[in-house]
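Overview (structure and organization)
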Amino acid sequence: MIATLPTQEQVDRIADELAPDVVRIRFKVAKDWSEEPAVYFRVILSDEAARRDRLADVTELVREKLSGELRLDELDHMSYFRFRSWSEQTTLRDPAWE
């Protein structure tokens, strides 16, 4: 069985499971730089999770959980992950991350 593209509801459930380290996850399906289909994940981390001594472990866990539960390796889409802290988003106020 081939995996289907994720829904925001599925992504929200995973974000809830990863709380309090993960505040929110948004995603977009688009083409990447080489015109191949891609899924772009935008993850807002708590300021605590974004600390230098925790960041690598938290981002690895988020990638693994999203990849495993959404079966991203079975998609015909590349997966891209971007991370931002809550404080950074509060300063930037980027609507794409809301």
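Residues numbered from 1 in each chain as written. Predicted model: local features only at pLDDT ≥ 70, side-chain atom pairs only at ≥ 80, totals over all residues. Heavy atoms only, no water.

1. Here we look at unusual backbone geometry
Worth spelling out the cut-off: In this description a helix means any DSSP run of H or I spanning at least four residues, a strand means any run of E spanning at least two, and both kinds are numbered starting from the N terminus. For every residue, the accessible area (1.4 Å probe, protein chains only) is compared with the maximum for its type, and the residue is labelled buried under 20%, exposed over 50%, or partly exposed between those bounds.
The step from Ala19 to Pro20 runs through a cis peptide bond, and the omega angle for that step is 10 degrees. Unlike most non-glycine residues, Arg71 shows phi in positive territory, near 55 degrees. Relative to the elements of secondary structure, Arg71 occurs in the loop between α2 (55-70) and β3 (78-85). Although it is not a glycine, Arg93 adopts a positive phi angle of roughly 50 degrees. We classify Arg93 as exposed; its relative accessible area is 65%.

2. Topic: the sheet that holds strand β1 (residues 22-31)
Rules: Between any two strands, at least two bridges found by DSSP are needed for them to pair. All axes here are fitted lines through C-alpha atoms, helices being fitted over the stretch that makes contact, and every angle between N-to-C directions spans 0 to 180 degrees.
Spatially, three strands are ordered β1-β2-β3 in an open sheet, and the strand pairing comes out mixed. Here the strands that pair on one side only, and so sit at the sheet edges, are β1 and β3. Taken over all neighbouring pairs, the strand axes of this sheet differ in orientation by 20 degrees on average, direction set aside. Both β1 and strand β2 (residues 37-45) contribute to a ladder of nine bridges, which runs antiparallel. Among the inter-strand pairings, Phe27 is bridged to a residue of β2, identified as Phe41.

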